[in-house]
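Working through the structure, step by step
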Amino acid sequence: MRKTLIALMFAAALPTVAMAMPGGDGPHHGGGHHGRGDAPYSQLDLSREQRQQIGKLMGQQMQERKQLVNKYLEKLPAADQKALKDEIKAKHDKTQSDIRALLKPEQQKSFDEMQKKRAERQAEMKQFKEWKAQQATKAQ
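Residues numbered from 1 in each chain as written. Predicted model: local features only at pLDDT ≥ 70, side-chain atom pairs only at ≥ 80, totals over all residues. Heavy atoms only, no water.

An unreviewed UniProt entry lists the chain under the name LTXXQ domain protein, with Pseudomonas taetrolens given as the organism.

As structure tokens, then:
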């Protein structure tokens, strides 16, 4: 049980760590790295189309990893699920705070706006999923 919990925490933290790494723009930012030498695949001289396709593949991989973590997370007792989710959120929030602290004031404003928009999108998606679940129960 303990090994499973540790493995879940590690797997859930990977995307956050990867996004926080230098050069790790990730698939959510257009896939382009604008000439930065430390970006993944920067030495391959990829075309724009190739970068976009790789970005899609990496996004799919991240989504599949998240589904796998959720699959095993559901097998844990409710108290362990909550503890794991709380710990993941705390680590994510700390990383975001650390990243913000590295930014210049004008960058912090942009970062804050990006975070606000992200939170709004997440809230909208949560509402949509709740609505979709309600529609599914009504249809039955």
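1. Digging into unusual backbone geometry
For Asp 45, which is not glycine, the phi dihedral falls at a positive 50°. Structurally, the position occupied by Asp 45 is in the loop between α1 (2-20) and α2 (48-73). On the basis of relative accessible area, Asp 45 is assigned to the exposed category, the value being 70%. (Helix = DSSP H or I, 4+ residues; strand = E, 2+ residues; numbered from the N terminus. Buried < 20%, exposed > 50% of the residue type's maximum accessible area, 1.4 Å probe, protein only.)

2. Digging into the pattern of salt bridges
Taken as a whole and assessed by the stated rule, the structure comprises 4 salt bridges. A salt bridge links Asp 98 to Lys 94, with the nearest nitrogen and oxygen atoms 2.7 Å apart. With Asp 98 and Lys 94 both in helix α3 (residues 78-102), this residue pair falls 4 residues apart, about one helical turn. Looking at Lys 94, the relative accessible area reads 51%, which means it is exposed. (Salt bridge = Lys/Arg side-chain N within 4 Å of Asp/Glu carboxyl O.)

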